[in-house]
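Survey of secondary and tertiary structure
Residues per chain, in single letters:
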Amino acid sequence: MTNGQTRRTALGAMAASVGMAGVGLMGMTDQTTAQAPTGGKTFVLVHGAWHGGWCWRRVSDLLEKKGHKVFAPTMTGLGERSHLIGGKIDLATHVTDIVNVIKWENLNDIVLVGHSYGGVIISCVAEQMRDAIAGLVEKGETAMKPVPAAVFRVNEKDRAWVDAMCTPHPVATLTDKITLTGARERIAKKAYIRAKSYPSVPFDGFYDALKTNSAWRVYELPSGHDVMVDMPDRLTEILLEVA
Amino acid sequence: MAATNDPSFTRRTVLASAGAGAGAAALGGTPALAQTSQPKTFVLVHGAWHGGWCWRRVADLLEKQGHKVFTPTLTGVGERSHLLSKDINLDTHITDLVNVFKWEDLKDVCLVVHSYGGWPGSGALEQIGDRVSSIVWLDAFKPENGQRGFDFASEFSRKAFLAAVEKGEPGRPSPTAEAFRVISEKDRAWVDSKTTPQPNGVAMQPIKLTGARAKVAKKTYIRAAKYPQPAFDQALAECKADKSWRTFEATESGHDVMVDAPQWLVDVLLQVS
């Protein structure tokens, strides 16, 4: 495997990850790898804004228990990487955070899962929050305070935990424009999961559009935005069903 | 993030000052579960130039048996090499580890450190020592209060270090896998394709220690016999003379024991954790 090939593979994978708020199966062909147990799959779980790899704990535990390999990297400036927050973190940093895990761990045949900011919605959210974000930039703010778990409709029992763990999100990652060339649509298996208890016009829009697109499988769950926290068992079932 | 359809909320979020949150970790939540009868939690810390990737075989073997494994990559190397900068110091690496314990809410952990990992590992224990029930020093540095990594550097490292600093570079290139005495040719190619420059700053900051490492209940030192390194010979000798430490020698392994002898290492880890 040359460096060039690795880079190409990884960049392809990343375009998919940033671009989707769902699940996809990557058909990579590296020869070396993370040894998932026989029959096991490899999952890369990408968290949303203010969150970190910590939010996937329940889903990771369930998947690992079934013999799958799980990577839940925390993006720079957040969660256990929050000591690295600073003005230099931009969208490219977060893209590289994920691309590099795939490169250094030599992952292939990945099921890539993006939650919220980890998905397509980044451009839409950036549009919607344009004024607010512009205000932050004018004030020289480089980080944005977390949205309370209650707003995300996280189940009441877990709100204190989620609020304790969420950290400010680097602003530049929300203002940078994303560059996509269609890699996401070329992935063989694609799924979109909508958490209905969390009201969101853009997510409803994505869901409705994909419902009639035979290339995508769609699911609606009676869950708050943090599906991995509210419904880890059902989410794990779906991940294994679509992988 | 998608609270955007609630303008009043968005405004509040945006206007509120950033900066809260980081210190709020560890207030309960969901500790990592485990599956088998006596599942354990391992945090495996890599050495200089390496990354979490080097533990792949060991992590796979442990997870297969139902144990929970975390292999954080320190800032500036491996998959975090895009973050390499002159600002990275020992405190950065110590916090890299401390925060994994806090955000994943880890307790009763077996902390395993390889080589340079002995520096951030010793520093982290000062903050999260009460969450660690056993430590394993794998062919690793065992620093005392006030020491710096630079003081221990091998001749190779010292020369490369000074050359890098002279050129104003944030890091210095890795020795070859052959220099680490990695045994198989195939593994050397793998290791060489993954190693990255080690941040210089981490070796210049004196470490602050008050004895947390010695307070851990179970302590083990493992020396890789096929890798010559006086500092590790000395650490092994000290541990042999101290009844609170158990010692092992990986007779058939180079410095990267997790690469050369993963099954042997897993057997030892399960025995001493």
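For the structure given in this document, a descriptive report is provided here. (Residues numbered from 1 in each chain as written. Chains lettered and ligands numbered in written order. Predicted model: local features only at pLDDT ≥ 70, side-chain atom pairs only at ≥ 80, totals over all residues.)

**Some points on the overall build of chain A**
Scanning chain A for helices and strands turns up 10 helices and 8 strands. For chain A, the proportion of its 243 residues judged to be buried stands at 57%. Taking all contacts inside chain A whose residues are at least 6 apart in sequence as the whole, residues at least 24 apart take part in 80%. (Helix = DSSP H or I, 4+ residues; strand = E, 2+ residues; numbered from the N terminus. Buried ≥ 20, exposed ≤ 12 C-beta atoms within 10 Å, placed from the backbone. Contact = placed C-beta atoms within 7 Å.)

**Things to note about the overall build of chain B**
Looking only at helices and strands, one finds 11 helices and 8 strands in chain B. Buried positions account for 53% of the 273 residues belonging to chain B.

**Things to note about the nonpolar core**
Here is a general trend for soluble globular proteins: nonpolar side chains tend to be buried in one another's company. Of all hydrophobic cores here, the largest spans 125 residues; its most connected members are Val44(A), Leu45(A), Val43(B), Leu44(B) and Val112(B). In terms of residue count, helix α3 (residues 90-103) of chain B provides more of this core than any other element does, 7 residues in total. When residues no more than four places from it in sequence are discounted, the contact partners of Val43(B) are Phe70(B), Val100(B), Leu106(B), Val109(B) and Leu111(B). Counting 9 residues, the second largest nonpolar core, distinct from the first, contains Ile85(A), Ile89(A), Met144(A) and Ala172(A). (Core = buried A, V, L, I, M, F, W, Y, C linked by C-beta atoms within 7 Å.)

**Concerning the packing of α3(B) against helix α4 (residues 118-128) of chain B**
Residues and elements named next belong to chain B. Orientation of α3 relative to α4, taken along the N-to-C sense of each, is 55°, at an axis distance of 8 Å. Relative to α4, α3 is oriented oblique. In this structure, the crossing between α3 and α4 has a hand that is right-handed. For the pair α3 and α4, the contacting residues are Leu 90, His 93, Ile 94, Asp 96, Leu 97, Val 98 and Phe 101 in the first and Trp 119, Pro 120, Gly 121, Gly 123, Ala 124, Gln 127 and Ile 128 in the second. (Axes fitted to C-alpha atoms, helices over the stretch in contact; angles between N-to-C directions. Parallel < 35°, antiparallel > 145°, perpendicular 65-115°, else oblique. Left-handed = near helix turned anticlockwise from the far one by under 90°.)

**Re the environment of Ala217(B)**
Residues and elements named next belong to chain B. With respect to the helices, strands and loops of the structure, Ala 217 is situated in the loop between α8 (212-215) and β7 (218-224). Of the residues examined, Ala 217 has 9 C-beta atoms within 10 Å and is grouped as exposed. For the pair Ala 217 and Pro 262, spaced 45 residues apart in sequence, the C-alpha separation works out to 25 Å. Excluding anything up to four places from it in sequence, Ala 217 contacts Ser 133 and Ser 134.

**Focus: helix α7 (residues 185-194) of chain B**
Three or more residues of α7(B) are buried, namely Arg188(B), Trp190(B), Val191(B) and Lys194(B). For α7(B), the angular spread of buried residues about the axis comes to 165°, placing them on one side. Seen from the buried face of α7(B), the exposed residues on the opposite side, beyond 90 degrees, are Glu185(B) and Lys186(B). Against α3 (91-104) of chain A together with α10 (257-260) of chain B lie the buried residues of α7(B). (Arc of directions from axis to C-beta.)

**A few points about unusual backbone geometry**
Residue and element names in this part refer to chain B. Positive phi is not limited to glycine here, since Ser 115 has a value of about 55°. Within the fold, Ser 115 resides in the loop between β3 (109-114) and α4. Classification of Ser 115 by C-beta neighbours within 10 Å gives buried; the count is 26. Phi angles above zero are rare outside glycine, and Asp 139 is one such case at about 45°. Looking at the element boundaries, Asp 139 is found in the loop between β4 (132-138) and α5 (149-152). For Asp 139, a count of 30 C-beta atoms within 10 Å gives the class buried.

**Describing the sheet that holds β4(B)**
All names here are of chain B. Strand order in this open sheet of 6 strands is β2-β1-β3-β4-β7-β8, and the pairing throughout is parallel. Looking along the sheet, the strands with just one partner apiece sit at the ends: β2 (68-70) and β8 (245-250). The mean inter-strand angle of the sheet, taken between neighbouring strand axes irrespective of direction, is 20°. Of the pairings in the sheet, the one linking strand β1 (residues 41-45) to β2 comprises 3 bridges and is parallel in character. (Pairing = 2+ DSSP bridges.)

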